[in-house]
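Residues per chain, in single letters:
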Amino acid sequence: MSIKTQPMTLTINNQQYGPLEVPEGLMMIDFLHEYVALTGSRLGCGQGICHACVAIVDHESGTSEEVRTCITGAHFFNGKKVRTVEGHAKTDDKGEVQLSPVQQAFLEHYSFQCGYCTPGFVNAATLLLERLQKHPIPLADLEAAINGALENHICRCTGYVRYYEAVRDVVMKTPGLIREHA
């Protein structure tokens, strides 16, 4: 008995992978972990409910979305541009890691306990900041925007308040994300 495979090529965190022969039906979370050694995305519930596993897909239209990798087959990502939690921090010329503003805010607010859900929250908050850069919102709408961005993510350690506070803090500290008037 042999496992059927299909070729797959994609870009993850600005690095091209493939063409690789990937088993049909393989979930993206398993591809990330086993084929490209990117283990930051977490397999939480395995049913697409907790969102610990989300990766960001960047579309050619300039829009981006979270995709749950535990319930989405790897071949869905064929030809796509993907970002995982490993792609947010940058390494400077000295080899030192510079966290993204979202990652830094999560550290400063002690937003997590076990950290299992953190990759999903990082991706959700990153997408929120990117949307606000393109389309700033009135301050009065900020609470709803943060809630909307984070509401599908489950934290089993109940870190919601600290995640929310960290996201609010980074939005308020980043010029151009909030408009004065509606």
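Here the structure is a predicted model, which is why all the values come from computation and not from measurement. (Residues numbered from 1 in each chain as written. Predicted model: local features only at pLDDT ≥ 70, side-chain atom pairs only at ≥ 80, totals over all residues. Heavy atoms only, no water.)

Participant: Looking at this structure, I do not really get unusual backbone geometry. What am I missing?
Facilitator: Among all residues save glycine, negative phi is the norm, and among peptide bonds the norm is trans. Cis geometry marks the peptide bond from G18 to P19, where omega comes out at 10 degrees. In this fold, P19 is placed in strand β2 (residues 15–23). Positive phi values are uncommon outside glycine, yet A37 reaches one of about 55 degrees. Note on placement: A37 falls in the loop between α1 (28–34) and β3 (55–58). Residue class for A37 comes out exposed when judged on its relative accessible area of 60%. Unlike most non-glycine residues, Y110 shows phi in positive territory, near 50 degrees. As for its placement among the helices and strands, Y110 is situated in the loop between α2 (101–108) and α3 (118–134). (Helix = DSSP H or I, 4+ residues; strand = E, 2+ residues; numbered from the N terminus. Buried < 20%, exposed > 50% of the residue type's maximum accessible area, 1.4 Å probe, protein only.)

Participant: What is the right way to look at the sheet that holds β3 in this model?
Facilitator: Pairing between the strands of a sheet comes from backbone hydrogen bonds, and it takes one of two forms, parallel or antiparallel. Strand order in this open sheet of five strands is β2-β1-β5-β3-β4, and the pairing throughout is mixed. One side of each edge strand has no neighbouring strand; the edge strands of this open sheet are β2 and β4 (64–67). Along the sheet, successive strands turn relative to each other by an average axial angle of 35 degrees, direction set aside. Both β3 and β4 contribute to a ladder of four bridges, which runs antiparallel. Residue pairing across strands places V57 opposite E65, the latter belonging to β4. Against the sheet, α3 contacts β3, β4 and β5 (81–83), and its axis sits at roughly 165 degrees relative to β4. (Pairing = 2+ DSSP bridges. Axes fitted to C-alpha atoms, helices over the stretch in contact; angles between N-to-C directions. Contact = heavy atoms within 4.5 Å.)

Participant: Hey, could you run me through the side chain of T84 in this one?
Facilitator: Considering the arrangement of structural elements, one finds T84 in the loop between β5 and β6 (90–91). Polar contacts involving the side chain of T84 include one to the side chain of E86, which spans 2.6 Å. In this view, T84 contacts I12, N13, L32, L38, S41 and N123; residues no more than four positions away in its chain are not counted. (Polar contact = N/O pair within 3.5 Å; in protein donor to acceptor, adjacent residues only side chain to side chain.)

Participant: Can you walk me through α3 in this structure?
Facilitator: For α3, spanning 17 residues, the distance from its first C-alpha to its last is 25 Å, which sits close to the expected 24 Å at 1.5 Å a residue. Burial analysis of α3 places 13 of its 17 residues in the buried class, the great majority of the element. (Expected span 1.5 Å × (residues − 1).)

Participant: Hey, could you run me through the packing of α3 against helix α5 (residues 160–173) in this one?
Facilitator: Packed helices, taken two at a time, are described by their axes: the angle between them and the distance between them. Where α3 contacts α5, the two axes come as close as 11 Å, and the packing angle between them is 30 degrees. Relative to α5, α3 is oriented roughly parallel. Where α3 crosses over α5, the handedness of that crossing is right-handed. Facing α3, whose interface residues are T118, F121, A125, L128, L129 and L132, α5 presents Y160, Y163, V167, V170 and V171. For the contact of α3 with α5, a count of residues per class yields ten nonpolar, one polar and no charged. (Parallel < 35°, antiparallel > 145°, perpendicular 65-115°, else oblique. Left-handed = near helix turned anticlockwise from the far one by under 90°. Nonpolar A, V, L, I, M, F, W, Y, C, P; charged D, E, K, R; others polar.)

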